[in-house]
Amino acid sequence: LEGPLARKHEWDQAGKKAQHRSWQQIYVVLEAGHLRFYKDQRYAKERPQDTYHHEAPLDLNGASSAPAPDYNKRPHVFRLKMASGAEYLFQARSEAEMTDWVTRVNAA
Ligand code: I3P
């Protein structure tokens, strides 16, 4: 699965808020066991080494994803909790896409 999502980094680790907290529009690629982030689809396709801000892939081992109805500033938002205690919010374009991401991330 891949596609555009907005992302907000909420927690850096358990008990430690992330420093850069604004929403960013990125292009997300889900592969077995990890997520990779790109500026847009073209980077994902043509320059897969050039990730968004040179970020390393996010390891999904021990991670879990679920809808985030408690976050009410934007629609179609889900939360990803990493084994490290880091947490991210992602906004999809529709409820159906959001549900798809949650299911696929949890199965990856
Ligand atoms: C953040 C930005 C985010 C906001 C966040 C701010 O400021 O306004 O949109 O999250 O609030 O810190 P900046 O752009 O200066 O980094 P929300 O959209 O969820 O309100 P937060 O610190 O309460 O998460």
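## Concerning the overall build of the chain
When its secondary structure is counted, the chain shows two helices and eight strands. The order of α-helices and β-strands along the chain, N terminus first, is β-β-β-β-α-β-β-β-β-α. Taking 2.2 N^0.38 as the reference for a compact globule, 108 residues should give roughly 13 Å; the C-alpha atoms of the chain span a radius of gyration of 13 Å, in line with that estimate. Taken along its principal axes, the extent of the C-alpha atoms in the chain is 35 × 30 × 25 Å. Here the chain holds 108 residues, and the buried ones make up 41% of them. Put simply, of all contacts in the chain between residues at least 6 apart along the chain, 43% involve residues at least 24 apart. Accessible surface for the chain amounts to roughly 6500 Å². Of this, 48% is attributable to carbon and sulfur atoms. One finds the centroid of the 16 positive side-chain charges in the chain at a distance of 5 Å from the centroid of its 14 negative side-chain charges.

## Digging into the pattern of salt bridges
Tallied over the entire structure, the rule returns eleven salt bridges. A salt bridge links Arg-7 to Glu-55, with the shortest nitrogen-to-oxygen separation between them at 2.8 Å. In this pair, Arg-7 sits in strand E1 (residues 2–13) while Glu-55 sits in the loop between helix H1 (41–46) and strand E5 (58–59), placing the two residues 48 residues apart along the sequence. For Lys-16, the salt bridge is made with Asp-12, and the minimal N-O distance between the two is 3.0 Å.

## Topic: the nonpolar core
By size, the foremost hydrophobic cluster in this structure holds 21 residues, and its most contacted members are Leu-35, Phe-37, Leu-60, Leu-80, Met-82, Phe-90 and Trp-101. Considering each element in turn, this core owes the most residues, four residues, to helix H2 (residues 95–107). Not counting residues within four places of it along the chain, the set of residues in contact with Leu-35 comprises Val-28, Val-29, Leu-30, Pro-57, Leu-58, Leu-60, Leu-80, Phe-90 and Trp-101.

## Some details on the site of the ligand
Around the ligand sit Lys-8, Arg-21, Ser-22, Trp-23, Tyr-71 and Lys-73, and those are all the residues in its vicinity. A distance of 2.8 Å separates an oxygen atom of the ligand from a polar atom in the side chain of Arg-21. With respect to the ligand, the side chain of Lys-73 contributes an N or O atom lying 2.6 Å from an oxygen atom. For the ligand, whose free accessible area comes to 500 Å², the fraction covered by protein is 47%. Taken together, the residues of the shell around the ligand sort by class into two nonpolar, one polar and three charged.

## Some words on the side chain of Ser-65
For Ser-65, the position within the fold is in strand E6 (residues 64–67). Among the polar contacts listed, one links the side chain of Ser-65 to the backbone oxygen of Arg-79, at a separation of 3.4 Å. Among residues more than four places away in sequence, those in contact with Ser-65 are Phe-78, Arg-79, Leu-80, Val-102, Val-105 and Asn-106.

## Comments concerning the packing of aromatic side chains
The tally for this structure, following the rule as stated, stands at four aromatic pairs. Judged by centre distance (6.1 Å) and plane angle (20 degrees), the rings of Phe-37 and Phe-90 are stacked. Here Phe-90 lies in strand E8 (residues 87–91) and Phe-37 lies in strand E4 (residues 34–38), a separation of 53 residues in the sequence. Judged by relative accessible area, which is 2%, Phe-90 ranks as buried. Put simply, the rings of Phe-37, Phe-78, Tyr-88 and Phe-90 pair up and form one aromatic cluster. The ring of Phe-37 is capped by Arg-7, whose NZ or CZ atom sits 4.6 Å from the centre of that ring.

Definitions and cut-offs
Throughout, residues of each chain are indexed from 1 in the direction in which the sequence is written. Local features in this predicted model are restricted to residues of pLDDT 70 or higher, and side-chain atom pairs are both shown and tallied only at a pLDDT of 80 or more, whereas totals for entire chains, interfaces and linings draw on every residue. Heavy atoms from the whole structure form the basis of all side-chain values; hydrogens and water molecules are not counted. Under the DSSP-based scheme used, a helix requires at least four consecutive residues in state H or I and a strand at least two consecutive residues in state E, with every element numbered from the N terminus. Note that the radius of gyration is over C-alpha atoms, with the globule rule given as 2.2 Å times the number of residues to the power 0.38. For every residue, the accessible area obtained with a 1.4 Å probe (protein chains only) is divided by the maximum for its type, and the residue is called buried under 20%, exposed over 50%, and partly exposed between those limits. Only heavy atoms enter the contact rule, under which two residues are in contact if any of them lie within 4.5 Å. Residue exposure ignores everything except the shown protein chains as possible cover, and the areas themselves are Shrake-Rupley values with a 1.4 Å probe. None of His or the chain ends enter the tally, which takes Lys and Arg as positive and Asp and Glu as negative. Lys charges are placed at NZ, Arg charges at CZ, Asp charges at CG and Glu charges at CD. Salt bridge, as used here: a side-chain nitrogen of Lys or Arg that lies within 4 Å of a carboxyl oxygen of Asp or Glu. As used in this record, nonpolar core signifies buried Ala, Val, Leu, Ile, Met, Phe, Trp, Tyr and Cys residues forming a set joined through side-chain atoms within 4.5 Å. The cutoff for a nearby residue is simple: one of its non-hydrogen atoms must lie within 4 Å of the molecule or strand. We define a polar contact as two N or O atoms separated by no more than 3.5 Å, with the added condition that, inside protein, one atom must be a possible hydrogen donor and the other a possible acceptor, whereas residues neighbouring each other in sequence contribute only through side-chain atom pairs. By the convention adopted, Pro, Cys, Tyr, Trp, Phe, Met, Ile, Leu, Val and Ala count as nonpolar, Lys, Arg, Asp and Glu as charged, and the other residues, Gly among them, as polar. Aromatic rings from Phe, Tyr and Trp, with only the six-membered ring used for Trp, were paired whenever their centres fell within 6.5 Å, and each pair was classed as stacked if the ring planes differed by under 30 degrees, edge-to-face if by over 60, and tilted otherwise. We call a charge positioned above a ring when the Lys NZ or Arg CZ atom is no farther than 6 Å from the ring centre and deviates by at most 35 degrees from the ring normal.

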